[in-house]
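Each chain, written out:
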Amino acid sequence: MEKILIEVKHLHKDYKTEDVVTSVLRDINLTIASGEFVSIMGPSGSGKSTLMHILGFLDRPTSGDYLFEGINMLEFEDDTLAAIRNERIGFVFQSFNLLPRTTVLDNVKLPLLYSRKSRDEQAAVKALESVGLAHRMNYFTNQISGGEKQRAAIARALVNNPSVIFADEPTGNLDSRSGKAVMDILQTLNEQGHTIILVTHEMDTARHGKRLVRLKDGQIVGDSAIPDRIRAHDGVELQKTK
Amino acid sequence: MKEFFESFRLAVGALLSRKGRSFLTILGIVIGVAGVIIIVALGAGAQSLVLSQITNLGTNLLGILPGKSNETGPPAAVFGVQVTTLTAADAAAIADKNRAPHVMAVAAFARGNVTAVWRDSSVDTNFSATQASFPRVQNVSVEQGRFFDEREERVGAPVIVLGSEVADELFGGSPAIGEVVKIKQLPFQVIGVMKKQGSIAFENQDDQVFIPLTVGQRQILGINHLQFIRLKVDDAANLQSTRGDVEQILREQHGILDSDNDDFSVRDLADAINVLTSITDGLRLFLVAMAGIALVVGGIGIMNIMLVTVAERTREIGLRKSLGATKGNIRNQFLFESGTVTLAGGFVGIIFGSLVSYAVALVARRLGYEWAFIISPLSIIMAVGVSILTGIVFGLYPAFKAAKLDPIEALRYE
């Protein structure tokens, strides 16, 4: 058994507006081991994005425990959480979120700016190589295609060699071919040992993972392994990193 | 340190990527800083000019003005008050060697504006009705002919000495000596033309004519009093004792017992310099305050544009936070950007202000003034400091606003 990376117990999240309290997550219990590829699937409004934000230290739960690598993270200050995000977490967003008027390389280097460890440009170049985008590193972000943008965003998530990569609808803004390429990269990264947590509302995307967690109305309604026979393997072999 | 350089690189990049907007943003700062540089430079130039002109007069002069005024304030005549207590008899009393032993020469003045006419040409000019001692008192000399003498002064001879500019305008190149110039229909014979002197204390010394005191007082001005008396002391060391002598003489002349009731004031050049410096300093302070207001307005412009920038880049802020940027990182980034904007504005302002000051100095020198081009290092250091400070002070609010953004909200922002 792999070591436990994420352990969530009785997690609740409420949003308060004026006098109405909306319960977004209710009694979530979830354990994710290092090296897994988990797809969190649910319709919009099911709370999957909120769960991802909490797991990624962008948000705090209303109640419950969250152990990350065995340590309760909820007691930490904002700045400590920022440092953990920087070193242990990589985010991939639906809308890429690359800086405009900036080169691909500078975008990938961005997390290094906030890092306490000193890494040089080589880390960024290596990350770009691992997603097959090294030849585009001096292009500006408005000069590359959507698929390439998402690959640049994955390289950015990889640059600090994080413990886990969160991907929030990473194929949502892509055509199906580019989408497949992006999912293949995520699968390859998983095969290389990276833990990946994917949030999506599409089964087609979700079945690239090894485990499926279904969310509905803020509660987990299903948690099972994805059998190999239905698991998507598009077979486009990417160049493996050295 | 790494963050510092990277922040600087990012800030410069962000500025260059929006050149038009960046230029408009810094314009207020450019104007403010250029204003400060120009005002300080012109103030220093003008002051050096006036001081050099005054010291050219000679440092052992005393001036006597009618009416009491305090040491550094302007004389009563500046406010249009006519004081008629100073007379030619006073000047004669001061010239008495027994009463004021260190006085070398005394000249009394009554002045006005007239039109001098020669044949078909005429010129509006100032006239000084004065005494034969004038050239000795004021270190001036005659270029052609001679100044009028004591006999001519005593009898009120109709003679006139022209300033060099008046002679040029009336006679062109032709000889002026011996010709008859009319003032208020009265004929005056030209007996001399003064040497060119330039301006002293903003007054063109070459644009005036000189006639004997009594003629000017009675026939042209129709008065009996004087506007001022100037006297030369044998040595600067005796200036203060002579000042006391002169005050004593005048009190006796006017029957004054208590110095509080003085109806005259005695000034030396140090006083004159003090008056001018206090006036120009006051003016400069006022102008620097105006430039300061321009900087504040420029700073508010910066704040405005930074708020727009923060709103525009909300997603970027969210992204940076998700990548591990702390509140401090975000705050510093925006402070750095506004500081860089205003620093750039400061540099442009310094260059622009220096060029304008230099141009003014060039023009002034061409016009014959001894104008010094002075850009003090202090004003440059101040300009740079103030511009960075403006950026940081007015960038604080937008920067804190950016730092406070909730990363999830920011990432969702459209």
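If you're wondering where the values come from, they're calculated on a predicted model, not measured in any experiment.

Parameters at a glance
- Residues numbered from 1 in each chain as written.
- Chains lettered and ligands numbered in written order.
- Predicted model: local features only at pLDDT ≥ 70, side-chain atom pairs only at ≥ 80, totals over all residues.
- Heavy atoms only, no water.
- 1 Å grid on protein atoms, 1.4 Å probe; cavity = no way out; pocket = protein on both sides within 12 Å on 5 of 7 lines; lining within 4 Å.
- Points joined across faces, edges and corners; volume = space filled by probe spheres on them.
- Helix = DSSP H or I, 4+ residues; strand = E, 2+ residues; numbered from the N terminus.
- Nonpolar A, V, L, I, M, F, W, Y, C, P; charged D, E, K, R; others polar.
- Contact = heavy atoms within 4.5 Å.
- Buried area = accessible area lost by both parts, 1.4 Å probe.
- Salt bridge = Lys/Arg side-chain N within 4 Å of Asp/Glu carboxyl O.
- Polar contact = N/O pair within 3.5 Å; in protein donor to acceptor, adjacent residues only side chain to side chain.
- Core = buried A, V, L, I, M, F, W, Y, C linked by side-chain atoms within 4.5 Å.
- Buried < 20%, exposed > 50% of the residue type's maximum accessible area, 1.4 Å probe, protein only.
- Pairing = 2+ DSSP bridges.
- Axes fitted to C-alpha atoms, helices over the stretch in contact; angles between N-to-C directions.

Residue and element names in this part refer to chain B. Enumeration over the complete set of coordinates arrives at six cavities of 30 Å³ or more. Within this model, the largest cavity holds a volume of roughly 130 Å³. Ala14, Leu15, Arg18, Arg21, Ser22, Thr25, Ile305, Met306, Thr309, Glu337 and Val341 are the residues that line the largest cavity. Of all elements in the fold, only α1 (2-16), α2 (19-56), α9 (269-312) and α11 (327-366) reach the threshold of two or more residues within the lining of the largest cavity. Considered class by class, the residues forming the lining of the largest cavity number five nonpolar, three polar and three charged.

Across the boundary between the two partners, chain A contributes 24 residues, which contact 24 residues of chain B. Counting each side, the surface lost to burial between chain A and chain B is near 2,100 Å², with a carbon and sulfur contribution of 58%. When the buried area of chain A at its contact with chain B is split by residue, A:Arg101, A:Leu113 and A:Tyr114 rank highest and sum to 29% of it. For the pair chain A and chain B, the interface holds one salt bridge. With a closest N to O distance of 3.9 Å, A:Asp78 and B:Lys327 form a salt bridge. The interface formed by chain A and chain B includes five residue pairs in polar contact (both at pLDDT 80 or more). Broken down by secondary-structure element, the contributors of at least two residues to the side of chain A that touches chain B are α2 (78-88) and α3 (104-113) of chain A. For the side of chain A that touches chain B, the per-class residue count stands at ten nonpolar, five polar and nine charged.

What follows covers the side chain of A:Thr50. Its location among the elements puts A:Thr50 in helix α1 (residues 48-55). Apart from the residues lying within four places of it in its own chain, the contact partners of A:Thr50 are A:Lys13, A:Tyr15, A:Val24 and A:Leu25.

Turning our attention to the nonpolar core. A:Ile6, A:Leu51, A:Phe68 and A:Phe166 are the most contacted members of the largest nonpolar core, which totals 60 residues. In this view, A:Phe166 contacts A:Ile6, A:Met52, A:Leu55, A:Gly56, A:Ile89, A:Gly90, A:Phe91, A:Val92 and A:Ile197; residues no more than four positions away in its chain are not counted. By size, the runner-up hydrophobic cluster in this structure holds 44 residues, among which are B:Leu86, B:Leu162, B:Leu213 and B:Ile220.

Residue and element names in this part refer to chain A. Reading across the sheet, the four strands line up as β2-β1-β4-β5 and stay open at both edges, with antiparallel pairing between neighbours. Single-partner strands in this sheet number two, and they are β2 (20-33) and β5 (71-72). The pairing of strand β1 (residues 4-17) with β2 spans ten bridges and is antiparallel. From the neighbouring strand, glutamate 7 faces β2, where its bridge partner is threonine 31.

Turning our attention to the pattern of salt bridges. All names here are of chain B. The full count for this structure, using the stated rule, is 23 salt bridges over all chains. Ionic pairing is found between glutamate 152 and arginine 146, a salt bridge with its closest N-O pair at 2.9 Å. Note that arginine 313 and glutamate 337 form a salt bridge whose closest N and O atoms lie 2.8 Å from each other. Taken together, the residues span a long stretch of sequence, with arginine 313 in the loop between α9 and α10 (314-322) and glutamate 337 in helix α11 at a distance of 24 residues. Judged by relative accessible area, which is 7%, arginine 313 ranks as buried.

Turning to the side chain of A:Ser39, a few remarks are in order. Residues and elements named next belong to chain A. With respect to the helices and strands, serine 39 occurs in strand β3 (residues 37-41). Within polar-contact distance, the side chain of serine 39 engages the backbone oxygen of alanine 206 at 2.7 Å. Apart from the residues within four sequence positions on either side, serine 39 is in contact with Leu198, Ala206, Gly209, Arg211, Leu212 and Val213.

A separate point is the sheet that holds β3(A). Residues and elements named next belong to chain A. Taken in spatial order, the six strands make up an open sheet running β6-β7-β8-β3-β9-β10, and their pairing is mixed. Looking along the sheet, the strands with just one partner apiece sit at the ends: β6 (89-92) and β10 (219-225). With strand direction ignored, the average angle separating the axes of adjacent strands in the sheet is 15 degrees. Sheet topology note: the β3/strand β8 (residues 195-200) ladder contains five bridges and is parallel. If you follow isoleucine 40 over to β8, its bridge partner there is valine 199.

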